[in-house]
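Structure at a glance
The primary structure of each chain is shown beneath.
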Amino acid sequence: MLTSLQNPLIKQLRKLQQTKHRRLQQQFLLEGTHLIEEASRHQYPLDVLCHTPAWGDRHPQLLTQLQAQRTEVVSEDVLNAVATTVNPDGVIATAPQNPPSPPQLLPSGVGFALERLQDPGNLGTLIRTAVAAGIDGLWLSEDSVDRTSPKVLRASAGTWFQMPITPCENLLETVQDYQSQGVQVVATCLDSPVTYWDVNWKQPSLILLGNEGAGLSSPLLELADVRVTIPISPNAESLNVAIAAALLAFEVRRQRLG
């Protein structure tokens with residue numbers, strides 16, 4: 001059993017709490033039984049699995065099902081040091097950052113293009129909502145929150161493994177490329193006379209959503225084929241970006257089911 005925080009493996013795992021080390025090592029952390037079950041269910045590979053003796057006693061069947069490259073029993077103190085949560089439930093794993101396969105929007109898909117999204121809880125909630133509404137994929141600007149942040153994974157409630165999330169070095173060029181192929185580009189803004197109910201969502205579409213405070217940049221906003229607003233009470237200034245995404249996503253689903 002590993003009991004020292006100075007163990008080379010433990011020191012390596014603790015570094016994965018930081019975005020720069022996740023990118024350098026091309027790995028990320030999975031914390032908790034639910035996320036590890038979801039990774040297994042979707043056949044996402046695990047590199048290192050660390051668990052306490054008590055967790056192994058509680059989950060013998062799951063432990064035999066998991067196909068990690070390396071499994072280590074660790075003390076509770078070691079697990080607590082590796083985890084980013086306050087009260088981890090006894091298991092943590094590392095997984096490779098497999099290159100995502102961009103989803104296909106043609107002939108009839110719908111996706112979200114997210115610019116400078118900063119809050120990991122918003123991204124995780126948005127992923128969970130997108131899966132529930134049947135959205136085909138997400139594109140994420142490189143200056144957005146890291147898609148493999150532990151907070152993103154937790155907020156997604158395991159749906160992270162079902163949603164293609166493609167980081168983009170140049171989101172503007174990516175949107176232009178889809179637009180040139182006939183994909184409708186829709187931007188959200190506050191002052192449009194067109195509501196999101198007025199859009200024909202039965203055609204292939206890419207929905208642009210911007211930073212929590214600043215919204216979309218001017219180049220992306222100007223690129224849109226149509227700008228839409230979500231009518232809200234005059235007593236409110238704006239909506240949370242994940243809530244806005246939910247309204248849009250389920251209007252897409254409503255039209256397509258109708």
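Residues numbered from 1 in each chain as written. Predicted model: local features only at pLDDT ≥ 70, side-chain atom pairs only at ≥ 80, totals over all residues. Heavy atoms only, no water.

Next up on the list: the nonpolar core. Counting residues in hydrophobic clusters, the biggest one holds 49 residues, and the most contacted among them are L30, F112 and L138. At six residues, helix α11 (residues 241–257) tops the list of elements feeding residues into this core. Non-local contacts of L138, meaning those with residues more than four positions away in its chain, are made with F112, L114, L123, L126, I127, A130, M163, P164, I165 and T166. One finds L105, A113, C168 and C189 within the second-largest nonpolar core, a separate group that totals 18 residues. (Core = buried A, V, L, I, M, F, W, Y, C linked by side-chain atoms within 4.5 Å. Buried < 20%, exposed > 50% of the residue type's maximum accessible area, 1.4 Å probe, protein only. Helix = DSSP H or I, 4+ residues; strand = E, 2+ residues; numbered from the N terminus. Contact = heavy atoms within 4.5 Å.)

Turning our eyes to something else, we now look at a nonpolar patch on the surface. Together, I232, L239, I243 and L247 make up an exposed nonpolar region whose accessible area comes to about 290 Å². With respect to the secondary-structure elements, L247 resides in helix α11. (Patch = residues over 30% accessible without salt bridge, like charges linked within 9 Å, V, L, I, M, F, W, Y side chains within 5 Å. Areas by Shrake-Rupley, 256 points an atom, 1.4 Å probe, with all protein chains shown as cover. Salt bridge = Lys/Arg side-chain N within 4 Å of Asp/Glu carboxyl O.)

The next point concerns the environment of Q43. When you line up the elements, Q43 lands in the loop between α3 (33–41) and β2 (48–51). Sequence separation of Q43 and L248 is 205 residues, and the distance between their C-alpha atoms is 30 Å.

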